[in-house]
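Residue-level structural notes
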Amino acid sequence: MASILAFNGSNSSKSINYELVKYASSLIQDHEVNLLKMSRYPFPMYSEDLEKSDGYLNSLIELKNDIVSADGLIISVNEHNTMLSAYFKNLIDWLSRIERKFLKDTKLLLLSTSPGQRGAQTALSLAKDVLPRFGAEIYDAFCLPSFNENFSMDSKSISNVELDDQLKTIVTGFSNQFSD
């Protein structure tokens with residue numbers, strides 16, 4: 001049984017990307033899934049001075065250890081003004097200072113969503129470009145456009161049948177990589 005770590009790239013307590021990654025991770029069968037809500041992980045804005053004076057927070061070291069020990073990751077990234085959120089960029093900055101290749105040999109499924117029609121495609125594309133620099137092996141990516149129209153908060157699932165089938169196919173393929 002593989003260990004899959006799933007989290008969102010947002011520190012918002014009402015993150016729609018958390019809802020998406022929560023749903024996607026619920027589709028994983030026969031593997032252990034650890035779902036993190038990143039609003040519970042406040043990290044100061046990275047600076048070299050702060051790193052030198054205070055070092056690394058225990059919660060950051062624990063998160064890095066969880067990432068390194070996971071067989072695979074599912075991350076749903078959010079977008080602010082067509083960029084990765086400052087929170088997610090800051091998280092990458094801190095993690096890469098502890099261990100440059102903190103994603104080495106880690107299979108990664110990337111997700112994104114937003115209320116808009118593009119579903120945070122730009123942030124998803126940026127994450128696909130940036131994360132391999134830290135060792136990640138991108139398995140696949142899925143973008144859910146127009147979150148409010150395509151996701152049911154009542155059932156906590158994708159309401160658009162075509163998009164739901166697409167995500168289920170991707171998650172099954174990702175999960176099957178870890179089967180013996």
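These notes cover the structure that comes with them. (Residues numbered from 1 in each chain as written. Predicted model: local features only at pLDDT ≥ 70, side-chain atom pairs only at ≥ 80, totals over all residues. Heavy atoms only, no water.)

**What about the pattern of salt bridges?**
In this structure the tally under the stated criterion is eight salt bridges. Its salt-bridge partner being Asp 93, residue Lys 89 comes within 2.7 Å of it at the nearest N-O pair. Taken as a pair, Lys 89 and Asp 93 lie in helix H4 (residues 86–98) at a separation of four residues, close to a single helical turn. Overall, the relative accessible area of 23% leaves Asp 93 in the partly exposed class. Lys 168 is the salt-bridge partner of Asp 164, the closest N and O atoms lying 3.1 Å from each other. One end of the pair is Asp 164 and the other is Lys 168, both in helix H7 (residues 161–176) and four residues apart, which spans about a single turn. Note on Asp 164: relative accessible area 9%, which makes it buried. (Salt bridge = Lys/Arg side-chain N within 4 Å of Asp/Glu carboxyl O. Helix = DSSP H or I, 4+ residues; strand = E, 2+ residues; numbered from the N terminus. Buried < 20%, exposed > 50% of the residue type's maximum accessible area, 1.4 Å probe, protein only.)

**With respect to the packing of helix H1 (residues 16–26) against H7**
The N-to-C vectors of H1 and H7 enclose an angle of 60°; their axes lie 10 Å apart at closest approach. Taken as axis vectors, H1 and H7 run oblique relative to one another. For the element pair H1 and H7, the recorded crossing hand is right-handed. Residues Leu 20, Tyr 23 and Ala 24 of H1 lie in contact with H7, whose contacting residues are Asp 164, Leu 167, Lys 168 and Val 171. Looking at side-chain class alone, the contact of H1 with H7 contains five nonpolar, no polar and two charged residues. (Axes fitted to C-alpha atoms, helices over the stretch in contact; angles between N-to-C directions. Parallel < 35°, antiparallel > 145°, perpendicular 65-115°, else oblique. Left-handed = near helix turned anticlockwise from the far one by under 90°. Contact = heavy atoms within 4.5 Å. Nonpolar A, V, L, I, M, F, W, Y, C, P; charged D, E, K, R; others polar.)

**Topic: the layout of surface pockets**
There is about 170 Å³ of room inside the largest pocket. Taken together, Met 83, Leu 84, Ser 85, Lys 89, Ile 92, Asp 93, Ser 96, Arg 100, Leu 126, Val 130 and Phe 134 make up the full set of residues lining the largest pocket. Among the elements of the structure, strand E5 (83–84), H4 and helix H5 (121–130) are those that each provide at least two residues to the lining of the largest pocket. The element best represented in the lining of the largest pocket is H4, accounting for four residues. (1 Å grid on protein atoms, 1.4 Å probe; cavity = no way out; pocket = protein on both sides within 12 Å on 5 of 7 lines; lining within 4 Å. Points joined across faces, edges and corners; volume = space filled by probe spheres on them.)

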